Amino acid sequence: MKIAGRRPMTVIRDGVRWADDTLPPGVRTAAGFLLMIGGLFGFLPVLGFWMLPLGGAVAALDIPFLRRRLLGWLDRVGAEPDRATPGGASTPRPGRPT
């Protein structure tokens, strides 16, 4: 499954980082809940079910215990490079013959 040519985990990771950098705490919570409500209508063409986990992650940024766990998890997931390019060919890994 891809969202505008990108993997859902990449979209969620980028969305959470953007929300953490630009939105103030009260607005993050409201935006998270609005994303979750929009995700309930994921069967519509513009909206998608990917909005549910993104909304939950954005709302979790305002809860200190969940924030630490979420940002730590995103750092671990972000350290893993995407294995496929948009063209479908895999990127060569260093040290392995292609």
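Our subject is the structure listed above.
Each chain has its residues counted from 1, following the order in which its sequence is written. Only residues with pLDDT of at least 70 get local features here, since the model is predicted, and only at 80 or more are side-chain atom pairs given and counted; chain-wide, interface and lining totals rely on the full set of residues. Processing note: side-chain calculations cover all non-hydrogen atoms of the structure and skip hydrogens and water entirely.

### Comments concerning the overall build of the chain
The test is simple: Helix numbering and strand numbering both begin at the N terminus, where a helix is a DSSP run of H or I of at least 4 residues and a strand a DSSP run of E of at least 2. Relative accessible area decides the class of each residue, using a 1.4 Å probe on protein chains only: under 20% of the type maximum gives buried, over 50% gives exposed, and in between gives partly exposed. Whether two residues touch is decided by their heavy atoms; if any such pair falls within 4.5 Å, the residues are in contact. Accessibility throughout is a Shrake-Rupley quantity obtained with a 1.4 Å probe, and a residue counts as covered only by protein chains that appear here.
Scanning the chain from N- to C-terminus turns up four helices and zero strands. Buried positions account for 29% of the 98 residues belonging to the chain. In the chain, once contacts between residues fewer than 6 apart in sequence are set aside, the share between residues at least 24 apart is 48%. Summed over its atoms, the accessible surface of the chain is roughly 6700 Å², and 67% of this surface lies on carbon and sulfur atoms.

### Here's the deal with the packing of helix α1 (residues 8-22) against helix α3 (residues 51-60)
Rules: Geometry is summarised by axes, namely lines fitted to C-alpha atoms with helices restricted to the contacting stretch, and by angles between N-to-C directions that run from 0 to 180 degrees. Note on terminology: angles under 35 degrees are roughly parallel, angles over 145 are roughly antiparallel, angles of 65 to 115 are roughly perpendicular, and the others are oblique. Note on convention: near helix rotated counterclockwise from far helix by under a right angle means a left-handed crossing. Clockwise means right-handed. When residues are grouped by polarity, Ala, Val, Leu, Ile, Met, Phe, Trp, Tyr, Cys and Pro land in nonpolar, Asp, Glu, Lys and Arg in charged, and all others, Gly among them, in polar.
Following both chains from N to C, one finds α1 and α3 inclined at 30°, their axes separated by 9 Å at the closest point. Comparing the axis directions of α1 and α3 gives the class roughly parallel. Note that α1 runs across α3; the crossing there is right-handed. On the side of α1, the interface is formed by Ile12, Gly15, Val16 and Ala19, while α3 contributes Pro53, Leu54, Ala57 and Val58. Among the residues making up the contact of α1 with α3, the classes are represented as seven nonpolar, one polar and no charged.

### Considering α1
Rule in force here: Given a helix with a known number of residues, its expected span is that number minus one, times 1.5 Å.
An ideal rise of 1.5 Å per residue puts 21 Å on 15 residues; α1 measures up with 21 Å between its terminal C-alpha atoms. Among all positions in α1, only Met9, Thr10, Val11, Ile12, Arg13, Gly15, Val16, Ala19 and Asp20 are buried.

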